[in-house]
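Overview (structure and organization)
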Amino acid sequence: MASPIKVCVTGAAGQIGYSLVYMIGSGAVFGADTPVSLHLLDIPPMMPVLNGVCMEIADCALPCVREVVATDDPSVAFKDIDAAFLVGAMPRKEGMERKDLLAANVKIFKVQGQALDQHAKKSVRVLVVGNPANTNALICSQYAPSIPKENFSAMTRLDQNRAQAQIAARLSVPVSDVKNCIIWGNHSGTQFPDVRHATVAGKSVYDAVNDEAWIRGDFITLVQKRGGAVIAARKLSSAMSAAKAACDHMASWWQGTPEGSYVSMGVFSDGSYGTASGVMFSFPVTIKDGKWSIVQGLPIDDFSKGKLEVTGKELCEERDDALAVCSAAQ
Ligand SMILES: NC(=O)c1ccc[n+]([C@@H]2O[C@H](COP(=O)([O-])OP(=O)(O)OC[C@H]3O[C@@H](n4cnc5c(N)ncnc54)[C@H](O)[C@@H]3O)[C@@H](O)[C@H]2O)c1
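Residues numbered from 1 in each chain as written. Predicted model: local features only at pLDDT ≥ 70, side-chain atom pairs only at ≥ 80, totals over all residues. Heavy atoms only, no water.

Examining the overall build of the protein
From N to C terminus, the protein includes twelve helices and 14 strands. Overall, the protein is about 50 × 45 × 40 Å in size when its C-alpha atoms are taken along their principal axes. Per-residue burial over the protein gives 55% buried out of 330 residues. Across the protein, the fraction of contacts at a sequence separation of at least 24, relative to all contacts at a separation of at least 6, is 73%. Element-wise, carbon and sulfur atoms account for 54% of the exposed surface of the protein, whose accessible area totals about 14400 Å². A distance of 0 Å separates the average location of the 31 positive side-chain charges in the protein from that of its 33 negative side-chain charges. (Helix = DSSP H or I, 4+ residues; strand = E, 2+ residues; numbered from the N terminus. Buried < 20%, exposed > 50% of the residue type's maximum accessible area, 1.4 Å probe, protein only. Contact = heavy atoms within 4.5 Å. Areas by Shrake-Rupley, 256 points an atom, 1.4 Å probe, with all protein chains shown as cover. Lys, Arg positive; Asp, Glu negative; His and termini not counted. Charge placed at Lys NZ, Arg CZ, Asp CG, Glu CD.)

As structure tokens, then:
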């Protein structure tokens with residue numbers, strides 16, 4: 001076996017962390033033959049809970065897990081890491097405005113960006129899950145200037161998986177038959193789940209569904225509001241599916257995308273498809289040798305253009321609010 005990959009999970013004592021550390025330890029992300037060293041970070045009051053998680057990791061007797069470091073100190077958690085899952089964030093409390101949540105979380109991601117800059121490998125690949133994920137990823141990267149900005153991404157894979165599952169259910173086909181569903185924009189209610197370019201067993205999803213009103217209406221709303229529907233049912237937010245999506249995202253980044261397939265990731269916009277540049281916008285990407293490239297040349301109709309504009313505008317507003325919070329805190 002090779003030397004272990006050092007993988008940090010923040011918010012490791014939380015809901016998503018509980019599923020995620022198991023999945024990473026089981027070899028689902030970096031490969032069944034690749035040993036991992038798990039660096040688990042949470043805040044001081046959560047250390048007893050994190051200790052319990054560590055006990056359970058030991059009890060899983062996972063062959064890939066070579067070492068577990070549990071800490072409340074980012075400088076220890078980020079030391080020489082190769083990959084980071086930044087899950088830890090303040091949850092939205094009842095009555096809390098979106099702006100207040102953004103302000104609280106942006107400060108966390110500013111501090112973590114600074115700590116990554118100082119302690120992580122320069123080649124570290126950082127996946128931000130904690131919300132607002134796109135803007136947190138942007139801020140994190142901004143405060144880690146010695147790490148290439150292409151090494152930061154935000155998770156929209158859960159939305160992609162949700163879209164894929166809804167299409168599979170609608171067509172009564174296995175979910176693995178559905179490919180190339182795209183999530184454009186922000187991981188929020190303005191995201192645009194797009195199946196115009198998706199295929200089912202090699203044929204167009206659009207033709208197979210044959211119901212444009214549904215694709216442009218209920219399907220989009222269903223995916224956009226799926227997180228809320230899970231909260232209403234479970235009284236807790238999506239955790240198992242979020243952990244699975246985080247693993248899918250990092251596995252694609254590590255192992256690449258198969259020929260002819262793409263995945264959605266929040267990455268730095270270069271203005272492709274007329275989007276605002278300088279925000280973390282979810283695009284379809286292909287990945288080779290650990291580097292993502294935005295899929296170019298997909299035809300975009302006026303309906304889609306309108307959707308891209310709305311979600312891009314929201315991302316610009318979030319970015320401006322986040323930068324104002326950061327400069328006020330300086
Ligand atoms: N991008 C997505 O698709 C997606 C999907 C689901 C959830 N989320 C987001 O993921 C985040 C985590 O969700 P959860 O259900 O696991 O929440 P949770 O509240 O169960 O766990 C969050 C954990 O983060 C820890 N934490 C808080 N501040 C921290 C800090 N500064 N450093 C390290 N750890 C810190 C908390 O102590 C807690 O243990 C939330 O922001 C949620 O909105 C994103």
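Don't stop here, the text continues.
Overview of the site of the ligand
Around the ligand lies a shell of 22 residues, among which Q15, I16, D42, V129 and N131 are the nearest. In this structure, V129 approaches the ligand through a main-chain N or O atom, which is 3.3 Å from a nitrogen atom. Here the ligand, which alone exposes 860 Å², has 84% of that area covered by the protein. Contributions of two or more residues to the shell around the ligand are made by helix 1 (15–25) and helix 4 (98–119). Residue composition of the shell around the ligand, by class: eleven nonpolar, ten polar and one charged. Looking at which domains feed residues into the shell around the ligand, each of domain 1 (5–154) and domain 2 (157–316) supplies at least three. (Near = heavy atom within 4 Å. Polar contact = N/O pair within 3.5 Å; in protein donor to acceptor, adjacent residues only side chain to side chain. Nonpolar A, V, L, I, M, F, W, Y, C, P; charged D, E, K, R; others polar. Domains from an automatic or database assignment.)

A short note on the domain arrangement of the protein
For the protein, the domain assignment lists domain 1 (5–154) and domain 2 (157–316). Between domain 1 and domain 2, the residue contacts involve 31 residues of the former and 34 residues of the latter. Where domain 1 abuts domain 2, roughly 2500 Å² becomes buried across the two surfaces, and 66% of that area is made up of carbon and sulfur atoms. Per-residue buried area on domain 1 facing domain 2 is highest for Q15, R125 and N134; these three make up 27% of the total on that side. One can count zero salt bridges joining domain 1 with domain 2. Counting the contacts that link domain 1 with domain 2 gives ten residue pairs in polar contact (both at pLDDT 80 or more). Elements represented by at least two residues in the side of domain 1 that touches domain 2 include exactly helix 1, strand 4 (83–86), strand 5 (125–128), helix 5 (133–142) and strand 6 (152–154). Class assignment of the residues belonging to the side of domain 1 that touches domain 2 gives a composition of 17 nonpolar, nine polar and five charged. (Buried area = accessible area lost by both parts, 1.4 Å probe. Salt bridge = Lys/Arg side-chain N within 4 Å of Asp/Glu carboxyl O.)

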